[in-house]
Each structure stands twice: as C-alpha cells, then as structure tokens.
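Fold and contact review
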Amino acid sequence: MMKKKSIPASKPFLILFLCQIISALDVPLDSKLLEELSQPPTITHQSPKDYIVDPRENIVIQCEAKGKPPPSFSWTRNGTHFDIDKDAQVTMKPNSGTLVVNIMNGGKAEAYEGVYQCTARNERGAAISNNIVIRPSRSPLWTKEKLEPHQVREGDSLVLHCRPPVGLPPPIIFWMDNAFQRLPQSERVSQGLNGDLYFSNVQPEDTREDYICYARFNHTQTIQQKQPISVKVFSMDSLNDTIAANLSDTDIYGAKPVTERQPVLLTPTGSTSTKVELRGNVLLLECIAAGLPTPVIRWIKEGGELPANRTFFENFKKTLKIIDVSEADSGNYKCIARNTLGSVHHVISVTVKAAPYWITAPRNLVLSPGEDGTLICRANGNPKPSISWLANGVPIAIAPEDPSRKVDGDTIIFSHVQERSSAVYQCNASNEYGYLLANAFVNVLAEPPRILTPANKLYQVIADSPALLDCAYFGSPKPEIEWFKGVKGSILRGNEYVFHDNGTLEIPVAQKDSTGTYTCVARNELGKIQNEVRLEIKDPTMIIKQPEYKVVQRYGQVSFECIIKHDSTLLPTVIWLKDNDELPDDERFLVGKDNLTIMNVTDKDDGTYTCIVNTTLDSVSASAVLTVVARPNPPFDLELTGQLERSIELSWIPGDENNSPITHFVIEYEDGLHEPGVWHYQTEVPGTQTTVQLKLSPYVNYSFRVVAVNKIGRSQPSEPSEQYLTKSASPDENPANVQGIGSEPDNLVITWESLKGFQSNGPGLQYKVSWRQKDVDDEWTSVIVANVSKYIVSGTPTFVPYEIKVQALNDLGYAPEPSEVIGHSGEDLPMVAPGNVQVHVINSTLAKVHWDPVPLKTVRGHLQGYKVYYWKVQSLSRRSRRHVEKNILTFRGNKTFGMLPGLEPYSSYKLNVRVVNGKGEGPASPDKLFKTPEGVPSSPSYLKITNPTLDSLTLEWGSPTHPNGVLTSYILKFQPINNTHELGPLVEIRIPANESSLILKNLNYSTRYKFYFNAQTSVGSGSQITEEAVTIMDEAMASRQVDIATQGWFIGLMCAVALLILILLIVCFIRRNKGGKYPVKEKEDAHADPEIQPMKEDDGTFGEYRSLESDAEDHKPLKKGSRTPSDRTVKKEDSDDSLVDYGEGVNGQFNEDGSFIGQYSGKKEKEPAEGNESSEAPSPVNAMNSFV
C-alpha cells in the first residue's frame, strides 16, 4: 500500500504558492519555468502606507511587480489618474513602477503631498498597491516666549514645561544644561512622557539657570532648543534672614520650616482617566507624584495580574510599559504613590482596539481548465472590519462578469474555470483604525508535465537515516508521480517507502542495499516525462572514544580524547567547544588529531568541553565536564562573640572551596603575650560548621585564625581575628615529668618540665619544691624557686628513696595540690664482687658460667646486671700468644648464670664476674681458669700438585691453620674424570699426621684426576680442599701427534675445534653468570663422597660482646672459599672461631635459665669451594681426545 504524506518542501525549488483546494496547482519557484509560464501581475515591493519623507531630498515612491508578460504600471493621486508625463519633476524607473520626484532641482515636497496608488497590469490581470500617503517631515522652530524665573520654596513640587513645536513625526525630548550635559534624573526628578520635567520636591541643589529642553527631529536630523529656564530654591534659613532684614524688632516673623507632605499626583490629574491603545502596539501608562519624602510608585491591575514577560517599569517605576498588547490587556490599571505620610492613587481605564489583521489572507490560485477553486479573505479587528472585493483593481460589483465566479461574503468560489477566467482579485478589510489590502491572482493554465529536479542528481545519505529523493514537477492538470528503482525496475510500493505530494520519495530507514539509481515518472493528459537520480549510502560517523569527566588540580595538565570512525569517502572535521562556544584564544589549549590538551590549567578552564565531528552528511558530538580543583581559599570575616573568662565563640565565612568540598577547619591561636608570632593548634571542626566554642586559659592574649582543608590540601590561613586578653588566675596544673635522680652519691637532683607561658595563668610564675626521705618519719622540706626546671638537694645519704612533689604558683595563688613521685639520691660504685663463680664446659666452643648474686645493699644503686670478662690464655696445640684479647658479656638484671659462645677448641681460658649499677662496675671476682676440649681441625692450609708423569703425581700440603687439637692423620680421596666429565671410582688413602707430601703412582696416562684432602683429630675430620691435575701423554702418541700436526688438514681441523671450544666457553660463561651449572659441576655434586662434604655449624648468639685487645694474628680478615694461585697451590684461608656478640645492646641475650635465644653474630668458617678447575691449559691432543 502506497503511503502519501503532505510536508513542506525544504528545497529552494519546491513550492512558491500554496492553493486553497486539493485540485489547485503549486507553481515551483523555478526561473526557467517562470520565464515560460503566463502569470498575472504580483506586487513584490511598495512604499509604506504612511510615508514621511525628508523635504530636502528626492521623493522615491516604490512599486515593484512581476508577471508574465512583464506588467505595465500606472498611478493615481488622490483618487484620480496621475499623468507623470505632464510633470517634469516626476520620472518612473525603467522596467519598474517606482516614481522619483526630483526635489533637489527646484521641486517642493509640499506640492506632492497626497495619497498615491500604483497599478501593475498585463494581459492576465491587474494588481494594485496600498494607498500610500506622502507627507514631508516638519521640524518647526520654537515660538519665542518670555520665560520667568521659577522661585520655589525648598520641599515644594515643581513642573518645568517643555511644550515643543508640533513636528512630523513628533520629536524626541531631553533636558540638558549649557554644557550639553544631560541633567541627572532620579525618583525625585524625572521627565514625563509629554517632555515636561517634574520635581516631586525641590532641594537647594536644584537651583540653576540653565534648565534647557531640547527637541530632536530624526527625519531632518535637527535639534531645536528652548530658551533656558532659571530655577531658584529658597531654603528656610535664607528665607528667614530675608524676612528679618525687612521687619522691625516688634514684628512677628519666621517662615515655617520645611514640612513633610503626603503624595499628590502631578500627572495624570484627578482620580481616573482613560486610555485607548491599538492591538500589537506598546502601552505606556504614567504616574508622577509630588510629596516629601519623595513618594514611591507601585502599579497593579484591578481584577488581574500584570502580564508576565511583557511588563516593564521605566522612569523609576513612574511609567508602566506593556509590549505587544492584545484585547486581553484591556482593564483598569491603578498606580499608587506612597510615602511615610500617606498615599494617593489613580485608575487608568485601558481599552485595546484593533486595526484589521489577517485570519486568512487570500492566496494565489493556479488551476487547470475545468477545475474548481476558492479565494478566501478573512480578517478580524475591533471593531470588526468590513470585507470588499475588487477584480483587477475595479470593485467586483462593476467589474466584467465571469460565469465561473461567485462572490459569497469573504469567499469567491470558482467552478469550471477557463483560461479567460485568469484575473487578479483584491480583498480590502477596513475599520476606523485602518485597512488591509491583499492581491491574489487566479491563473488558469494548460501545461504538459515538467520535472524540475536536475537529471542524475546524486544524493548521499548516512545509513539508517531517512533518504529524501526530490522530483520537483509542474504540469496542468496536476501530473501523477511514480517511482522506480533502476532504469527497468518495477514500480515502488509498500510500507518501506513514503510518497509525498510534492513528488519527493522518502526512504525512512535507508540501508546499504538502498544504494542505486531511482527513476521518477510524471504524467498527465497532455504528456509524460521521467528523470533519474542516484542514491549512495555512507557509513555513519561515530566517536568510538569519547571524552571523559576529568578532575584536575589547578596548574596541572589534562587531556580529552575524541577518537572517531567515519566513512572512508567522507572527510571529517573536528571542532572543540568550551561551554558551547569557541575555545579561548590561548596557547595553553593544544588541539591534536584526536585529543585536546590543556596545559597549566586555571580556574577559568572549568566547564563543559564538546568534541564535534562534522562531515558533509552528518554530525556527531560528545561532551565531558572538566572540574578544576584546588586548595580552598582562606576563610574570612572572623568574628569573636560571647566572650567569657574561660570560653569564647569564634565564627567565620568559608572561602571558595574550589570544587573540592571542605572536609574540616583547623583553628589555631597565637599568644601575643608569651609567644608572639608563634601559632599553635587549638582544635578542628567539620567542614559544614562555621562556628566553634573555644576553651580559653587565663592570662593569654589570644588571636585566632582558621585554615580550611579539602582533599587537595590546606588553604592559606585566614587573617587573624581581633585580640582577646583573658583575666589572670592561679595555675590550673602543676609541672609534669617530675623526677628525682642523684648526680653524686650525696645529692638529689629534682627536675620537672616547666609550664608554658599560657599555662602560667598569670604573672609571677614560681614553683614550690618539696621533698622528704621515704619510710622515715620526717617532715617535708620545701623551697620556692623562680621559673626554672631543676633544684639540687645536697648532703643526702647514698642511694636512698625520697618522696618529691613540685607545685606551681603565681601572683594570684597556688595550683592544686600536686601528686608525689619517688626518687633516689645519687649512686656509688658497688662494694663487693660476685662469689662462687663456676664454669661448666659444654663443648669445644661453648661454656656456661654460674655465680652467686651480691647483696642488694652492697650494690649502692640500681642493679643493671653482671658483666663477665673472659679471655684466651693459650692454645694447647701451639705456643702461647703474646697479646691477650679480653671479651665482655653483659647480662641484664639479676641473673646468676650465662653462656659463653664462640670459644676456640683445645684452649685455656680465664674469666671473672662483676656487678654493674648506674654509677659503674664493682670489683672483679677472682679469675677462674677453664679449658676447652679438642674439636675438628680446619682445612689444610694449601694443597699443591707437581711433577706430573705418565703414571704419577706429587702432592704437597700445609698443616691446618687451626688444628683445634692433636692431628691424628690426613685423608686423601681421588677419582678420575673422563672426557665426558663423568667421575670414576673413588680411592681413599690415610696419611700419617707428620707427613707433608706424597707421590701417587700407578696412575693412568693422560688422565685428569680430582683430589679431596682434609685433616683429622680424635674428634673427627675437618673441612676439605679440592684440586685437579692431569698425567702426561704416552711418548709414542706424542710423536704421532707431531707428525699429524705437520699436515694441513690437521691444522684446519684444529682451527675449527678451537673455534668450537671458544663458542662453548662463551655459552658456559653466560650460563654460569645466569646461575646455571655446567656438567662437570653437576657430576662432582652427584659423586661427591658424603664423608668429605663440608660440615655445618649451628649459628648461635649469646650476649653482648666486645674486644678489648688482640694481637696482629687475630685481626686477619676472614675470607671465604679457596682459590688456585698461579703455582697451582690451593691455600685454605685461616678460619678462627670468632666470639659471638652478646646481650642487650648488641645481638643476643639469654633466657632466665641461661639458654641462648639470640643470633650468633660472629663470622663462621666457610668451606672451600669444590670443583675448582686447574689453571693449566689442556694440550691440543687432550682437546682432540675429548671429541673422539
């Protein structure tokens, strides 16, 4: 089913004239078509009905019309024919009806006043213009008059009349002085609508001699000036002086003082008046009142409201202005003038009349022969206008008859028209306030179809949007329109298409498959015509990455993204807007291909940013809001109220929060009396609170300031509040942190924290210091000291407890009674040493020491603990040391035992114990001797392999640096390593302890061996060192090698092998650096004898350790692992058991039972690294054998 729909065409060639009935034709505004079609005249431009002209310039009376054939023009003046050929001053423009009256060459404008009307005529009819009333403007001079000065008493009202000359049009009135400065106006002095200057009451400053009224005539651009008016205002004082000068002493005189008066209306007069205004005009109502004080004007509408959006008050509310008035604005308007003494009112009855206005104006009618039609002319007004018809400018009653025409009031009905029925009809609607005149033609045409849309026009539409394909046509009778897709396609029907009356084909939702060629066919009984247009469907433009809401701190940087996707055949343009306006002209705004970056953001950058993407077919946009945040502005207007002795209320006004809500306010205070310039924290309140009750201390000169805090940070402090000095009072508190500690055995030093200035509560701050010996029935001893923080009591017994208290006082009294604290007089060194010292050796490196505690009375101070001094006397396996290193372990508290770790095996030690208090150490206990048992030895100091032969190797070694006992033997283990780095069977040999070398025989020639070597005591085996060595080759094989080596192929092979070895070495080096293991190492680890694996010692930490003295040997640096020097000697580093750091203050401590709970902090002996390669480079034969 085909759908039809009437829409207004949007193209410039669619509809010129809209007809009244369904069968009427529309004539498109097509220049080529209009040139070919006959058309009655149409007035296109004319002068206004009331035409005021400048008498100094030529008069131009416009009348333009169009038609086919072009119309001719004629004029009437005052109702009779105006023959312009007989007036040399009047000419008509070529191809136009416009008249030009030559005034500048001797003509007078007054001679051409009158009512003019233009007629445009061709063979199809005649159109007429409005009646144009020509009047020259007038700006007459002011009539001469003698103006008397105005002498007015202060407070009286005054009206200065302007009375300008009557001009055409009326002049614009304003008041100025001799210096051409406008006179100031106010509620008291103002100009009325009639131009007069009204004074509600005069004041002495109104006295002047140059009140001048000016009249400006806009048409002639002239200004006329009235004679200056003089005003003199007499004040009561000057008037009394004048009267007194003219009367005798016996006369009674004295003018009344300025008296206040209730309002009186100056204009309008009386209590009521009337006003008539025409519909659509501006209604101006005025009320000006006299009175003292100056009255205030108020306007109301009785029985209704003043119209909203159309009501304005001018001239200090003395003028009520209502624009575009209608009949509904009729009614009574009351102005009320009021001052402190009373009021007066005036009612203006407003009637809104209306000149005729159109309801339905007649419109041009284009018909085919035999068709019907109507012309309708409907107008309204107040009073209701009368309707009259003319045909070709002649009243229709006396116009030639037309059988197809019938007049029915405001309607003319046409039936079965013929070409001779063409004419121009005029409708005239008039009442006492004006008239309306409209031309409408009836044009009867017989034309075959024409298609006005250009052939092969290309339409481009975005997918899923409506597509409108135009087929602008004309024909008479009206043609029928059909659409086809493609040249030979079937007729388009169905709900997916909409066919408009103007020929347009609408595809409501165009898809990609809608692309193609469409054919429009127009036919009527006089012929048929067709036209093709093309349709292309484009992909829509999309913003695939839209700008997002951003919050940025002031002076930061922000970017908005706008990434788009569009049809490849369309060229998009991207525009950025801020708040729907252009971006600021600021180099901080950087527009990129798909983003907008704002540098150094400021508060004014806050707003909505929109990315608009335009193509020739569509436009898309996306917006995002930028919020610029910053620290708050400081609060202001701090105010102190409710002042009391110990409290005050502080209030403030928050500053701008800068888009980040204020979370809280911090209140700070300054004590200008004790610490001027120093601000202290007082309190803080939530961000919604702007007042706070503050607690105050006596004798403080307070100033307060407020800091606002939001998520961004703290504001600058506010300006300080006014100062507030609180009254003095006795102290509220006593000093804190009172202590009593003796510095000498016979004194007691009492200390405390002095009160701060604002804590003193008044002048004259002092302290009362009191003390007495505890547990002794003594009286308090007291002394009053100045504002200090220490007092020393001399002549006290050694280390006895004292009760102490310190009380604050000032000139107004004492603080509350202070609490007592316990202190002690000075300490002295302990008197006795611990007794019954016993040592229990646990193993070769650890011993436990016991002692009896000393009596507490002999400590003579605070018991801090015990110190154990111990040192190595000699090693039982070597000669005695020349220097003794003493070590100290401290055990905190009242302990009676402790552990001594890190001892050297098979050694002789001495120790003693001392008690410690705050003063120092007491005497030492007698030295106690003890010995440590044997331990396992350290590794041999070196292992050197020399003199390689075909089947033997010579081994030399050094004894362990630390035998830790009596050596019983050495253990040697070795095993071969084949070419694939696999380990062979392990051979073990025990060697007497007194040997230092060994020759190994019956070995395989040209074979690599790995050796493991360690020493033993009766306790067990020590750590081992390893080394590798190679026996030499067979002599015959060596000679063959020499022979082969002279061959060229062998030399080339060796070069390739060397290159391969280099590559393998690089790979192995890289893997080892990354933590990997190469195969030889893996094999060694896999076949190593468990018995010769390095031994691990448990870590342990026992106390606080420090060295007092040592010899050079004990200060050798401890090293880890073994290394192979160039002489193939493997040296094992010295490995002494180092003492562990102990006790509190270093790295370890003991439990109450003496068990060790710390961490051993000494340096542990490390095992030598296994698998060290020999430094000897393999021979080429060996290298070759490894690849066989």
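Residues numbered from 1 in each chain as written. Predicted model: local features only at pLDDT ≥ 70, side-chain atom pairs only at ≥ 80, totals over all residues. Heavy atoms only, no water.

Right, let's get into the overall build of the protein. Each helix and strand counted, the protein has seven helices and 88 strands in total. Across the protein, the fraction of contacts at a sequence separation of at least 24, relative to all contacts at a separation of at least 6, is 67%. Counting every atom, the protein has about 61000 Å² of accessible surface; 51% of that belongs to carbon and sulfur. (Helix = DSSP H or I, 4+ residues; strand = E, 2+ residues; numbered from the N terminus. Contact = heavy atoms within 4.5 Å. Areas by Shrake-Rupley, 256 points an atom, 1.4 Å probe, with all protein chains shown as cover.)

It is worth spelling out the sheet that holds strand β76 (residues 886-892) at this point. Read from one edge of the open sheet, four strands run β76-β75-β78-β79, paired in antiparallel fashion. Of all the strands in the sheet, just β76 and β79 (928-931) have a single pairing partner and so form its edges. Direction aside, neighbouring strands of the sheet carry axes that sit 30 degrees apart on average. Note that strand β75 (residues 863-875) and β76 share seven bridges and pair antiparallel. Pairing of Tyr869 across the sheet is with Ile888, part of β76. (Pairing = 2+ DSSP bridges. Axes fitted to C-alpha atoms, helices over the stretch in contact; angles between N-to-C directions.)

This part is about the state of the cysteines. Overall, the coordinates contain six disulfides when judged by the stated rule. Here Cys287 connects covalently by a disulfide to Cys335, the sulfurs 1.8 Å from one another. Handedness here is read from the sign of the S-S torsion; for Cys287 and Cys335, about -65 degrees, the answer is left-handed. Taken together, the residues span a long stretch of sequence, with Cys287 in the loop between β23 (283-286) and β24 (288-292) and Cys335 in strand β28 (residues 331-339) at a distance of 48 residues. Cys335 carries the same exposure label as Cys287, and that label is buried. At a sulfur-sulfur separation of 1.6 Å, the disulfide partner of Cys377 is Cys427. (Disulfide = S-S within 2.5 Å. Buried < 20%, exposed > 50% of the residue type's maximum accessible area, 1.4 Å probe, protein only.)

In this section: the pattern of salt bridges. Applying the stated criterion across every chain, the model contains 37 salt bridges. Glu482 serves as the salt-bridge partner of Arg523, at 2.8 Å between the closest nitrogen and oxygen. Separated by 41 residues along the polypeptide, Arg523 in strand β46 (residues 516-524) and Glu482 in strand β43 (residues 480-485) bring together distant segments of the chain. On the basis of relative accessibility, which here comes to 25%, the residue Glu482 falls in the partly exposed class. Arg714 serves as the salt-bridge partner of Glu668, at 3.4 Å between the closest nitrogen and oxygen. Note that Glu668 is positioned in strand β60 (residues 664-671) and Arg714 in the loop between β63 (701-709) and β64 (724-725), a separation of 46 residues in sequence. Residue classification places Glu668 among the buried positions, given a relative accessible area of 12%. Given a relative accessible area of 38%, Arg714 falls into the partly exposed group. (Salt bridge = Lys/Arg side-chain N within 4 Å of Asp/Glu carboxyl O.)

Structurally, Trp679 is set in strand β61 (residues 675-686). Taking the relative accessible area as the measure of exposure, Trp679 reaches 23% and is therefore partly exposed. Separated by 26 residues in sequence, Trp679 and Arg705 have C-alpha atoms that sit 8.9 Å apart. Sequence-distant contacts of Trp679, defined by excluding residues within four places in its chain, comprise Glu668, Tyr669, Glu670, Ser703, Phe704, Arg705 and Pro720.

Backbone hydrogen bonds hold the strands of a sheet together, and the pairing may be parallel or antiparallel. Taken in spatial order, the five strands of this open sheet run β49-β57-β56-β52-β53, and their pairing is mixed. The sheet terminates laterally at β49 (550-553) and β53 (581-582), the two strands that pair on one side only. Summarising the sheet, strand β52 (residues 573-578) and β53 pair through two bridges and their orientation is antiparallel. For Leu577, the partnering residue across the bridge sits in β53 and is Glu582.

Attention shifts here to a nonpolar patch on the surface. A contiguous nonpolar patch, built from Leu1059, Leu1060, Leu1062, Ile1063, Ile1066, Val1067, Phe1069 and Ile1070 and spanning about 750 Å² of accessible area, is present on the exposed surface. For Leu1062, a relative accessible area of 48% puts it in the partly exposed group. (Patch = residues over 30% accessible without salt bridge, like charges linked within 9 Å, V, L, I, M, F, W, Y side chains within 5 Å.)

Attention now goes to the nonpolar core. In this structure, Ile59, Ile61, Trp75 and Ile134 are the most contacted members of the largest nonpolar core, which totals 32 residues. Where this core is concerned, the elements lending two or more residues are β3 (50-53), β4 (59-61), β5 (63-68), β6 (72-77), β9 (99-101), β10 (114-122) and β12 (132-136). When sequence neighbours within four positions are dropped, the list of residues in contact with Ile59 reads Val53, Leu99, Val100, Val101, Ile103, Ala109, Tyr112 and Ile134. Ala467, Leu492, Tyr497 and Ala522 belong to the second largest nonpolar core, which has 20 residues in total. (Core = buried A, V, L, I, M, F, W, Y, C linked by side-chain atoms within 4.5 Å.)

There is a patch of like negative charges on the surface, built from Asp637, Glu639, Glu649 and Glu722. Here Glu722 lies in the loop between β63 and β64. (Lys, Arg positive; Asp, Glu negative; His and termini not counted. Charge placed at Lys NZ, Arg CZ, Asp CG, Glu CD.)

Bringing unusual backbone geometry into the picture now. Here Leu292 and Pro293 are connected by a cis peptide whose omega angle stands at 0 degrees. Tracing the backbone shows Pro293 in the loop between β24 and β25 (296-301). Its identity as a non-glycine residue notwithstanding, Phe180 has a phi of 60 degrees, on the positive side. Position of Phe180 among the secondary structure elements: in the loop between β15 (172-176) and β16 (189-191). Positive phi, normally seen in glycine, also occurs at Asp464, with a value near 70 degrees. Within the element layout of this structure, Asp464 appears in the loop between β40 (457-462) and β41 (467-469).

Turning our eyes to something else, we now look at helix α5 (residues 1048-1073). The end-to-end C-alpha distance of α5, which contains 26 residues, comes to 38 Å, matching closely the 38 Å that a straight helix rising 1.5 Å per residue would cover. Those residues of α5 that fall on the buried side of the exposure criterion are Phe1050, Met1054 and Val1057. (Expected span 1.5 Å × (residues − 1).)

Tallied over the full model, the rule gives 22 aromatic pairs. Summarising the aromatic geometry, the rings of Phe974 and Tyr1009 are spaced 6.2 Å apart at their centres and angled 65 degrees between planes, so their arrangement reads as edge-to-face. Of the two residues, Phe974 is situated in strand β82 (residues 967-977) and Tyr1009 in strand β85 (residues 1008-1017); the sequence distance between them amounts to 35 residues. Exposure class is identical for Phe974 and Tyr1009. Each is buried. Taken together, Phe174, Phe180 and Tyr214 form an aromatic cluster joined through their ring pairs. Stacked on the ring of Trp871, the Lys or Arg Lys886 has its end atom at 4.5 Å from the ring centre. Geometry around Tyr869 places Arg914 over its ring, the cationic atom sitting 4.0 Å from the centre. (Phe/Tyr/Trp six-rings, centres within 6.5 Å; stacked < 30°, edge-to-face > 60°. Lys NZ or Arg CZ within 6 Å of the ring centre and 35° of its normal.)

Across the protein, pLDDT averages 85, with 84% of residues at or above 70. In this model, residues 1-23 is a region of pLDDT below 50 whose contacts with residues beyond four sequence positions or in other chains number 62 contacts. (pLDDT = per-residue confidence, 0-100.)

This next bit is on the environment of Gln89. With respect to the secondary-structure elements, Gln89 resides in the loop between β7 (80-81) and β8 (90-92). Exposure remark for Gln89: the relative accessible area of 25% places this residue in the partly exposed category. Separated by 17 residues in sequence, Gln89 and Gly106 have C-alpha atoms that sit 8.5 Å apart. Residues in contact with Gln89, not counting those within four places in the same chain, are Val100, Val101, Asn102, Asn105, Gly107 and Tyr112.

This brings us to the side chain of Glu1028. In this fold, Glu1028 is placed in strand β86 (residues 1025-1030). For Glu1028, a relative accessible area of 1% corresponds to the buried category. Among the polar contacts listed, one links the side chain of Glu1028 to the side chain of Arg1008, at a separation of 3.3 Å. (Polar contact = N/O pair within 3.5 Å; in protein donor to acceptor, adjacent residues only side chain to side chain.)

Along the chain, Asp586 falls in the loop between β53 and β54 (589-591). Counting along the chain gives 12 residues from Asp586 to Ile598, while the straight-line C-alpha distance between them is 9.6 Å. Of the polar contacts made by the side chain of Asp586, one reaches the backbone nitrogen of Arg588; its length is 3.0 Å.

Here Thr615 lies in the loop between β56 (607-614) and β57 (619-629). Of note is the side chain of Thr615, whose polar atom sits 2.4 Å from the side chain of Asp618. Those residues in contact with Thr615 that lie beyond four places of it in its chain are Thr541, Leu570, Leu571 and Pro572.

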